[in-house]
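# Structural features, examined
One letter stands for each residue in the lines below.
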Amino acid sequence: MQDSERASFKAISLLNEYVSTDVHLIGSDNHQSLQVRLQQVHREMRTKPGFEPLSRIAVALDHSSIDTAATLIESCVGGPAIGRYEARLSDSPSLRQIATTGEARIIDEIAAGRGSPRGTALHDLGYRASMALPIHSDSGLFGFVFMDATVPHFFDEPRVQLA
């Protein structure tokens, strides 16, 4: 494994550590500390070689009882904030697939005017690649982690080995 691959692997490990250690805080009165922690992890990831284009990380909670996933926290560096977003899971085959399979969804090239309206909106904001990962708890699907980059093909194999 080359040094850049090791750095990429470590950066994804940091995000996985964040999700696994702080997921119990979600839904409590710790929203601000979660936001700060996500921003710290995001800044740390961007210090790794090749990770500068990783401009956005967001965590969305699953609200299965109302068929919705909604943004809880977001960190943006080098790209615009999207803010709170809600999506109906029944309207998103890709989110349903992620939830069912547990596998990452990677979009190598976000194109304007193709695919979903959400994809077009991301493209219009300057994002060119995206990755989504499910978060599972003991009781099932808990939510999703979304990462967006300002360059296409950002989420290559070394960066997603742990996904």
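Residues numbered from 1 in each chain as written. Predicted model: local features only at pLDDT ≥ 70, side-chain atom pairs only at ≥ 80, totals over all residues. Heavy atoms only, no water.

### What to know about the pairing of strand E5 (residues 129-137)
Burial within E5 is extensive, with seven of its nine residues counted as buried. Where strand E4 (residues 105-107) lies against E5, three bridges are found, and the strand directions are antiparallel. The residue bridging Ile106 from the neighbouring strand is Met131, located in E5. Examined bridge by bridge, E5 and strand E6 (residues 140-149) share nine bridges and lie antiparallel to one another. Paired with Ser130 across the strands is Asp148, a residue of E6. The loop that links E5 with its antiparallel partner E6 comprises two residues. (Buried < 20%, exposed > 50% of the residue type's maximum accessible area, 1.4 Å probe, protein only. Helix = DSSP H or I, 4+ residues; strand = E, 2+ residues; numbered from the N terminus. Pairing = 2+ DSSP bridges.)

### Let's talk about the packing of aromatic side chains
Within this structure, the stated rule accounts for three aromatic pairs. When the centroid spacing of 6.0 Å and the interplanar angle of 40° are considered together, the rings of Phe144 and Phe146 count as tilted. Each of the two residues, Phe144 as well as Phe146, counts as buried. Between Phe154 and Phe155, the ring centres sit 4.9 Å apart and the planes meet at 90°, which makes this aromatic pair edge-to-face. Phe155 sits in the buried class, given a relative accessible area of 5%. Clustering of aromatic rings is evident, with ring pairs tying together Phe51, Phe154 and Phe155. (Phe/Tyr/Trp six-rings, centres within 6.5 Å; stacked < 30°, edge-to-face > 60°.)

### Quick notes on the pairing of E6
Summarising burial for E6: seven of the 10 residues are buried, a large majority. Judged from the seven bridges that link them, strand E1 (residues 54-63) and E6 form a sheet pairing that is antiparallel. Counted as the bridge partner of Ile57 is Met147 from E6.

### Here's the deal with the environment of Thr101
Considering the arrangement of structural elements, one finds Thr101 in helix H3 (residues 93-101). Here Glu103 takes part through its backbone nitrogen, which lies 3.1 Å from a polar atom of the side chain of Thr101. (Polar contact = N/O pair within 3.5 Å; in protein donor to acceptor, adjacent residues only side chain to side chain.)

### Regarding the nonpolar core
In this structure, Met45, Leu54, Ile57, Val145, Met147, Phe154 and Phe155 are the most contacted members of the largest nonpolar core, which totals 18 residues. Mapped by element, the contributors of at least two residues to this core are helix H2 (31-46), E1, E5 and E6. Sequence-distant contacts of Leu54, that is, excluding residues within four places in its chain, are made with His42, Met45, Arg46, Val77, Met147, Asp148, Ala149, Phe154 and Phe155. Membership of the second largest hydrophobic core comes to nine residues, among which are Ala60, Ala69, Ala132 and Phe146. (Core = buried A, V, L, I, M, F, W, Y, C linked by side-chain atoms within 4.5 Å. Contact = heavy atoms within 4.5 Å.)

### Quick word on the side chain of Arg46
The residue Arg46 is located in helix H2 in this model. With residues up to four places along the chain from it excluded, the contact list for Arg46 reads Phe51, Glu52, Pro53, Leu54, Ser55 and Val77.

### Comments concerning the confidence of the model for the protein chain
Residues at a pLDDT of 70 or more form 75% of the protein chain, whose mean pLDDT is 78. In this model, residues 1-11 is a region of pLDDT below 50 whose contacts with residues beyond four sequence positions or in other chains number 15 contacts. Confidence drops under pLDDT 50 across residues 20-25; counting only partners more than four residues distant or on other chains, this segment forms eight contacts. (pLDDT = per-residue confidence, 0-100.)

### Some words on unusual backbone geometry
In the Ramachandran plot, Asp67 falls in the positive-phi region, its phi being about 55° despite a non-glycine side chain. Its location among the elements puts Asp67 in the loop between E1 and strand E2 (68-76). Although it is not a glycine, His153 sits at a positive phi angle of roughly 60°. Looking at the element boundaries, His153 is found in the segment after E6. Residue classification places His153 among the partly exposed positions, given a relative accessible area of 44%.

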